[in-house]
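Architecture and fold: a report
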Amino acid sequence: MLNISTTMNPNPAAKPDPQKELGFGRSFTDHMFLMDYTRGRGWHDARIVPFANLSLSPATMVFHYAQAMFEGMKAYRAPDGRTLLFRPHMNARRMKDTCGRLCIPEIPEDDFVQAVSELVRLEKDWVPEREGCSLYIRPFVIATDSVLGVAASKTYLFCIILSPSGSYYAGGLNPVSIWIEEGYVRAVRGGIGFTKAGGNYACSLAAQERAHAAGCAQVLWLDGVERRYIEEVGAMNIFFLLDGRLATPSLDCGSILAGVTRDSVLQLCREWGIPAEERRISIDELVDGSKSGKLTEAFGAGTAAVISPVGEMRYQGQSLRVGDGGIGPLSQRLFRGLTDIQFGRAPDPRGWTLAV
Ligand SMILES: *Cc1c(COP(=O)(O)O)cnc(C)c1O
């Protein structure tokens, strides 16, 4: 159990206008959570304080060697007024895995969930009520030693900030085109692909710019060795419905992020009696499936969009159509099913939500 002190913000900001589009990640609530780590002392000084700039030496390690990680989750407003988190222990576990790989000291899972819960409870009036909107939660850790030698830092800062965010689909579910990247790769076996390390996103930007220039919304990554097997999309895991069977790349190479949404999609489909496999999926299989018509649906799955239907994939200058290019019935059903649980509109027999 953390002992969290609270300093209230003497100048709270006005809440965003509920009539206006919120967008994503541009405004922040009145408070943030901070906790320090010092080697020999462990994590200490857990505190909620007014949201403010951080003051750091230009020599701070994180600026040079990217010893940094983050998490991403949301708080949802239920119709009965409760504020819900969705499977927060999965984020806590993933954070531990990421920290382990980056030589960042672990934060105990219960402490992580407690810190998120207490901050969100304090800021609960910032959770938007409007359909599809939520309070985005961004926990992160940075290395704070101000020394230029390359080594694991001896001090760290754990911070959580909150941002009211709009519906990903202001105009309803919308199928996107995705760019299958043949040149750049995101992750390799033995690397940090399975972590939410900041560096993974820096190295994805060049391909993302290519994708955008080609009119595609997202990059679909291939494996780092043969560039033949499907990995994942920008910040989403990817699923394909091939001949009535759902398939997603397996996690065993350590190059793919284990999404909370991915795990939830697999569980729901298995409960619904839809065969759902975690396996290797080659690009050739998708090209064939698109041509034969066996590839009837494809969608990304992640906290931001929940389910993002893919209507078309661009590969080697060709356009691979997915089904009829629209929103498939399974994508629609999963979107509805998951958001009904997250927003507390449906019963929660799996205990996936946590009211704070
Ligand atoms: C965050 C993320 C996901 C999705 O994870 P969720 O827990 O479902 O939000 C998938 N892939 C990458 C690369 C990510 O950063």
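Everything below is about the structure shown above.
Overview of the structure. (Residues numbered from 1 in each chain as written. Predicted model: local features only at pLDDT ≥ 70, side-chain atom pairs only at ≥ 80, totals over all residues. Heavy atoms only, no water.)

**Overview of the packing of aromatic side chains**
In the structure shown here, the tally under the stated rule is 11 aromatic pairs. Note on Y37 and Y156: the rings are 5.8 Å apart at their centroids and 65 degrees apart in plane angle, and the pair reads as edge-to-face. In this pair, Y37 is assigned in strand β2 (residues 31-38) and Y156 in strand β8 (residues 155-165), connecting sequence segments 119 residues apart. Note on accessibility: Y37 and Y156 belong to one class, buried. Residues Y76 and F343 carry aromatic rings whose centres are separated by 4.9 Å and whose planes lie at 70 degrees to one another, so their mutual orientation is edge-to-face. (Phe/Tyr/Trp six-rings, centres within 6.5 Å; stacked < 30°, edge-to-face > 60°. Helix = DSSP H or I, 4+ residues; strand = E, 2+ residues; numbered from the N terminus. Buried < 20%, exposed > 50% of the residue type's maximum accessible area, 1.4 Å probe, protein only.)

**Quick notes on unusual backbone geometry**
You will see that R227, though not glycine, has its phi angle at about 50 degrees, which is positive. Note that R227 resides in the loop between β10 (218-222) and β11 (230-233). Located in the positive-phi region is D243, a residue other than glycine, with phi close to 55 degrees. Within the fold, D243 resides in the loop between β12 (237-242) and β13 (245-249). The exposed category is assigned to D243, whose relative accessible area is 55%.

**Remarks on the nonpolar core**
Counting residues in each nonpolar core, the largest one holds 36 residues, and the members touching the most others are F33, F112, I137, V141, F158 and I160. If you list the elements that add at least two residues to this core, you get β2, β3 (42-50), β5 (73-77), α2 (88-101), α3 (109-122), β7 (134-143) and β8. No other element matches the 6 residues that α3 contributes to this core. (Core = buried A, V, L, I, M, F, W, Y, C linked by side-chain atoms within 4.5 Å.)

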